[in-house]
Amino acid sequence: MTTQHIETLIIGGGQAGLATAYELGRLDRPCLVVEAAARIGDQWRNQWDSLHLYTSARYDGLPGLPFPKGAWEFPGKDEFADYLENYALAWNLPVRTSTRVESLDARDGGGYVADLGGGEQITCDHVVVATGPLGRTPALPAFADELAPTIQQLHSSEYRRPGQVQPGRVLVVGASHSGVDIAHELALTHEVVLAGRDCGQIPWRIESRFNRIGFRGVVFVFKHVLNRRTPVGRKEMDEFRSHGGPMIRVKRADLAARGVERRTERVARVESGRPVLEDGTGLDVDAVVWCTGFRHRFDWIHLPVFGDDGWPREFRGEVAESPGLWFSGLSFQYSVTSMFVLGTRRDAKYVARGIARHGAVRGAA
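Residues numbered from 1 in each chain as written. Predicted model: local features only at pLDDT ≥ 70, side-chain atom pairs only at ≥ 80, totals over all residues. Heavy atoms only, no water.

**Let's talk about the overall build of the protein**
The helix and strand tally for the protein stands at eight helices and 16 strands. A principal-axis box enclosing the C-alpha atoms of the protein has dimensions of 65 × 50 × 40 Å. In the protein, buried positions account for 53% of the 365 residues. Put simply, 66% of the contacts in the protein that link residues at least 6 apart link residues at least 24 apart. Accessible surface, the protein: about 16100 Å² in total, of which carbon and sulfur atoms supply 50%. Treating the 44 positive side-chain charges of the protein as one cloud and the 44 negative ones as another, the clouds have centres 7 Å apart. (Helix = DSSP H or I, 4+ residues; strand = E, 2+ residues; numbered from the N terminus. Buried < 20%, exposed > 50% of the residue type's maximum accessible area, 1.4 Å probe, protein only. Contact = heavy atoms within 4.5 Å. Areas by Shrake-Rupley, 256 points an atom, 1.4 Å probe, with all protein chains shown as cover. Lys, Arg positive; Asp, Glu negative; His and termini not counted. Charge placed at Lys NZ, Arg CZ, Asp CG, Glu CD.)

In structure tokens form, the structure reads like this:
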């Protein structure tokens, strides 16, 4: 067994993990970032081809390095992936790629043990779990495998471009911002039905230069009003975590203009191999794209710190009942902005300062 010790282990090399490593470095606290992917930024590269960030470049930089694009331009997903890779290089962050943590356990005397498989362990005084705002495991309904084998199925994590989807009528399930974006794109080449509750929409065009004041106003509300310290913020936290955010770039009018058939009923079951809406309407379709989000899979963390909903019992990333265990980059970790790049710095700084305040575990083997 090979064992390495580090004061803080950060699991996940996305924007939250990298920003936390940067903030720890500013406080002269040693850390190591481990990332399962072969390359920093791959979680962004593996999104659909046309994806652009929903915030402009002025809000997309991590601490210490502005995003290298015009302030009101919207970076593409590959541009942002490359930025993350360059960010790690620019600050010489201690990142180890192609490294997956198989299990995390408490260590006798304090701290934690991360098993990397192959007879390798890392012990640490603090551990930061930064594996994404909503998890990386596709959330699919239990009845998905009852669809007829002739119906092509893709989860949004597998969707890249319309050419992937076989010709015919396509059902897109889930009408949060990713679902409407994909439905809107598919409507250029396919007949599309979009099913799912209406999550609302940002009422103006985010790319329009005439709406920059409005954009700043929404950012202010998302950052300072809709947070876990306010009653309205606590109410919205469950909404965002369970159903995703509102339509941002694509609007209801855009869907209608492209001929997307909009159904606000949810897909409730499968009958005779066909998807059926909750009002009993059966849909004859040739393909289904499940834009039903993701779920956290924390079964590799062998610590009793999770609620019945599967989310860790934390506040601002700190798990009080398990000293030294932190999360960074969770949806609504503190406010709505936690799920966007623009909220990364505040959350990462809070976590890093907390770690520095507690320091190393004294007397641990």
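Once the structure has been displayed, the description carries forward.
**Notes on empty space enclosed by the protein**
Tallied over the full model, the rule gives one cavity of 30 Å³ or more. Here the largest cavity is characterised by a volume of approximately 160 Å³. Considering only residue class, the lining of the largest cavity consists of eleven nonpolar, two polar and no charged. (1 Å grid on protein atoms, 1.4 Å probe; cavity = no way out; pocket = protein on both sides within 12 Å on 5 of 7 lines; lining within 4 Å. Points joined across faces, edges and corners; volume = space filled by probe spheres on them. Nonpolar A, V, L, I, M, F, W, Y, C, P; charged D, E, K, R; others polar.)

**Concerning the layout of surface pockets**
Within this model, the second largest pocket holds a volume of roughly 290 Å³. Lining the second largest pocket are 20 residues, with Arg58, Tyr59, Gly61, Leu342 and Arg345 sitting closest to its centre. If you list the elements that add at least two residues to the lining of the second largest pocket, you get helix H5 (212–225) and helix H8 (344–358). For the lining of the second largest pocket, the leading source of residues is H5, giving four residues. A class-by-class count of the residues in the lining of the second largest pocket yields ten nonpolar, five polar and five charged.

**Comments concerning the pattern of salt bridges**
All chains considered together, the criterion is met by 29 salt bridges. Across the pair Asp299 and Arg297 runs a salt bridge, and its minimum N-O distance is 2.6 Å. On the basis of relative accessibility, which here comes to 51%, the residue Asp299 falls in the exposed class. Look at the salt bridges and you will find they share partners, linking Arg169, Glu191, Glu261, Arg263, Glu265 and Asp279 into a network. (Salt bridge = Lys/Arg side-chain N within 4 Å of Asp/Glu carboxyl O.)

**Points about the side chain of Ser103**
Position of Ser103 relative to the elements: it lies in strand S4 (residues 103–106). Here Ser103 is in contact with Val113, Ala114, Asp115, Trp300 and His302, once residues within four sequence places are set aside.

**Focus: the nonpolar core**
Counting residues in each nonpolar core, the largest one holds 69 residues, and the members touching the most others are Ile10, Phe80, Leu84, Val172, Leu186, Leu194 and Leu255. At six residues, helix H3 (residues 77–90) tops the list of elements feeding residues into this core. Among residues more than four places away in sequence, those in contact with Leu194 are Val172, Gly174, Ala175, Gly179, Val180, Ala183, Leu255, Val260, Glu261, Arg262 and Arg263. Counting residues in each nonpolar core, the second largest holds 25 residues, with Tyr112, Trp300, Phe306 and Leu330 among its members. (Core = buried A, V, L, I, M, F, W, Y, C linked by side-chain atoms within 4.5 Å.)

**Brief notes about a nonpolar patch on the surface**
Together, Phe220, Val221, Val225 and Val232 line one region of the surface with nonpolar side chains, adding up to about 300 Å² of accessible area. Sorting elements by how many residues they give to the nonpolar patch places H5 first, with three residues. Structurally, the position occupied by Val225 is in helix H5. Among the residues examined, Val225 registers a relative accessible area of 31% and is labelled partly exposed. (Patch = residues over 30% accessible without salt bridge, like charges linked within 9 Å, V, L, I, M, F, W, Y side chains within 5 Å.)

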